Amino acid sequence: MNRFAFYPGCVSKGSCPELYESVEQVMDLLDIEVEELTDVGCSGAGVLTTEVSDPINARTLAKAEQMGLALMTICSTCQGVIGAAALRLQDPEYRAFINKEYLAAEGLEYKGTTEVKHFLWVLVEDVGLDELKALVRRPLEGMGFSPFYGCYLRRPADVVGRRERRTYIEKITEVLGGTVVNISGKGKCCGFPSLTINEPNALAMTAKHTGEAKDNGADAMVTPCPLCHLELDGEQTQAAAAARRTIEMPILHLPQMVGLALGLDPKGLGLGRHFVSTAKIVAQLEPVEAAVSAT
Amino acid sequence: MQANLRVRRYDPEEAEPSARMQEYHIEVPEHFTVLDALIQVREEEDPSLALRCSCRASICGSCAMRVNGQAHLACKTRLSAVAPEGEPVTIEPMGNQRVVKDLVVDLGVFWNKIRAIEPYLQPAGPEPEEEYIASDESMQNLITPMGCIMCGACVSDCTALEVDENFLGPAALAKAYRFVADPRDGASHERLQTLNEYGGVWDCTRCYMCVEVCPVGVAPMDRIMELRDSVMNEVGVTTPGARHVESFARSVARSGWLDETMLAVDSWGRFNIPKLLSQAPLGLRVLVRGKLPLPWPFHHKRAGAEFVGRIFKRWESKKQ
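Worth saying up front: this structure is predicted, and the values here are computed from it rather than measured. (Residues numbered from 1 in each chain as written. Chains lettered and ligands numbered in written order. Predicted model: local features only at pLDDT ≥ 70, side-chain atom pairs only at ≥ 80, totals over all residues. Heavy atoms only, no water.)

(A) Structural context of the packing of helix H7 (residues 169-180) of chain B against helix H10 (residues 220-234) of chain B. All names here are of chain B. One way to put it is that H7 packs onto H10 with a least axis distance of 8 Å and a crossing angle of 50°. Taken together, the axis directions place H7 and H10 in an arrangement best described as oblique. Read as a crossing pair, H7 and H10 show a hand that is left-handed. Mapping the contact onto sequence places Pro 170, Leu 173, Ala 174, Ala 176, Tyr 177 and Val 180 in H7 and Pro 220, Arg 223, Ile 224, Glu 226 and Leu 227 in H10. (Axes fitted to C-alpha atoms, helices over the stretch in contact; angles between N-to-C directions. Helix = DSSP H or I, 4+ residues; strand = E, 2+ residues; numbered from the N terminus. Parallel < 35°, antiparallel > 145°, perpendicular 65-115°, else oblique. Left-handed = near helix turned anticlockwise from the far one by under 90°. Contact = heavy atoms within 4.5 Å.)

(B) Geometry of the pairing of strand S3 (residues 64-67) of chain B. Residues and elements named next belong to chain B. Where burial is concerned, the two faces of S3 agree: the one with Ala 64 and Arg 66 and the one with Met 65 and Val 67 are both buried. Summarising the sheet, S3 and strand S4 (residues 70-73) pair through four bridges and their orientation is antiparallel. Across the sheet, residue Val 67 finds its bridge partner in S4, namely Gln 70. Counted along the chain from S3 to the antiparallel partner S4, the turn is two residues long, and its residue Asn 68 has a positive phi close to 50°. When S3 meets strand S5 (residues 88-92), the two strands line up antiparallel, connected through two bridges. For Arg 66, the partnering residue across the bridge sits in S5 and is Glu 92. (Buried < 20%, exposed > 50% of the residue type's maximum accessible area, 1.4 Å probe, protein only. Pairing = 2+ DSSP bridges.)

(C) Highlighting the sheet that holds strand S5 (residues 144-147) of chain A. Residues and elements named next belong to chain A. The parallel open sheet is built from four strands, whose spatial order is S6-S5-S7-S8. Each edge of the open sheet is held by one strand with a lone partner, namely strand S6 (179-180) and strand S8 (251-253). Summarising the sheet, S5 and strand S7 (residues 220-223) pair through three bridges and their orientation is parallel. Across the sheet, the residue bridging to Ser 146 is Met 221, located in S7.

(D) Structural view of helix H15 (residues 305-319) of chain B. With 15 residues, H15 of chain B should cover 21 Å at 1.5 Å per step; its first-to-last C-alpha distance of 21 Å lies within 8% of that length. Burial in H15 of chain B covers these residues: Ala 305, Val 308, Gly 309, Ile 311, Phe 312 and Trp 315 of chain B. Along the axis of H15 of chain B, the buried positions cluster into a sector of 150°, meaning they face one direction only. Residues of H15 of chain B that are buried make contact with helix H2 (50-67) and helix H4 (92-103) of chain A together with helix H11 (240-255) of chain B. (Expected span 1.5 Å × (residues − 1). Arc of directions from axis to C-beta.)

Here it is in C-alpha cells:
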C-alpha cells in the first residue's frame, strides 16, 4: 500500500474533470491510497511571482508534512512549481522567513521534509513496473503512443531529479503492451502558456507536435499534464486548420492510458469528454475478457 | 576510448545542397571533449568539416552546437559524459538559425536581436564630472546576466523562437534585463515599454529550455520573469499577458484556486467583444463536454481560501 497526500490541482477540478475521474479509478486498482488536500491553494503555475507562490506552496507542503505523507501531484506544472518551491525551502534561512512571515499566523510550520512526486513517478518508483505489468488485463498491443511530458517534468534538472524520470512514459507504455512512437518535441512546450497571449504561436506549437506524432504513425499521444491536454486536445482542430493539414490525433491523459490497459471502461475514464475523438483508440481495444483469455 | 560521431553535414556549394548525416569512428583519450573530437576529425580524417571554435575553455562562446538534440558548448561537453559506453553521439548545428555550412550557423539573427534592445547604457541627466558611480549592492543582480558569453545556445533551443522569429528571444531579453536593472541607466521606462510589445517578454512560454542549455548559468527565463514584474509595475497592465497574471492572482487571492474561465476572458479583455464572440462556439463545445468551470461570481471559494488570501495581503503589505 502506497499512501500520499493528494494535490489534484485546479485543472483536474475544472476543465479536465476526466483526469480526476480516471486517476481515482486507476489509484484504486493500483492500491494507492490518498488523502486529498482540499484546503490548500493553487500552486501559482509559474504565473504568480515566487514571492507569493512560495508561501502558498509552503503551506501545502506543511499540511502534507503534518500528515506524514509525501505529496502526489497529477499535473506537470503543479509538480514543477511545488517541487521548485520545496527545493528553495530546503534553505533553512528562507524556510524560517516563510514560516515566520506567512505560516505562523495559521499556527503552521514547514520543517522541509515533504517529498513531492508526480503520479508518473509514483507509478514507476512506488508501484513499480513489474507490479503494473502484473495488473494489465488488456495489453495495448498494436497501438502506438507518442509521449508528451510537459516542460516541468523535464526541466529544470535540479527540480526534476533523477535523469531517468525523463523516460518513464516510454517505460510505462511498453509495460502496458503499447509501442512507443517517439517525437522530437516530447519535452518541448505544448503552446498552452501562450494560448491567450499569442494564439498563433500556441497553435503553431500544437500543430507541430501533434502533426509529428501523426507523421510518425502514432495512434495517440499521452501526457501527464492537464495543461498540455487542454492545448493538444482542445486546440488541435484550430491548430491543424492554421497549419492547413488534417491531424486528428487523440490525446490521452496518462491515467487514461493506464486505465485502458488495466481493463477499465473507456467511457468511465472520460474518453468521451475529449475534443479530438478517441473512437479509433476505443475501437482498437480488445474486450477485456478476450484479452485476459488470450494472455 | 572510441568516439562514434554522427555529424550533420551541409555544403551550400554542392550541386544540389542537402543536409546528410556522416559518421566518424575515431580513437580518442578519455578526457576529450566533443570539440576535441571534432577538431581531431577535421585535422586527421576530413578537412572539409566546418565548425567554429576559438578559446576551447568555455569563455569565447564560439562552439555552441547541438549534441544529442540539445544545445551545448562543445568545448565544455566531455564525450565520456554523453557517451560513456561509446554510444553514437549526434552532433548538429544550432537550431533557429540558418546553417552556413556543416556546424556553422549565421549568427546574424542572434546579433540583430541583441542590437534591437540597445545593449548599452543610456544615462539620464547631466554627465557627472568623473565616472558614473553604482554601489556594489545595486550591481549584485547584474552579475548573472553579465556573465552571458553570447554563444547562442538559448536562442538555438528556444521553443517560442521555433515558431515565431519575431520573438526577441532569451539572450536579448536577459541582456535587456541587464540594462533595465542597472541603476545608471536612464531609459528603463522606454525599454520596458518596448519589451511590453509583441515579441517581448510576454511571448516567452516559460518552458525552462534556455535555463537548461545556458552553459554559464544566466537563466534567461528567470530574468524574463523579473522583467514581466517590472513591466507590470512601471508600464501597467495593458497587454493580454499582463492581464493574464493579474486575473490569475485575483482569482487565487479571492477563492484559493484558479478561475480558468475568467482567466481566459480577462486575458482577452472583458470588453473585447469581437474576441469573446469568436470564442462562443468553443465555449459551447466545452460546455457540452462538461468541461466549462463556472466563472466568477459562481466560482466557489475553496476551503482554506481565507488563509491563501491572507498570504496575498501579507505579501502586498510587505511590497509597500
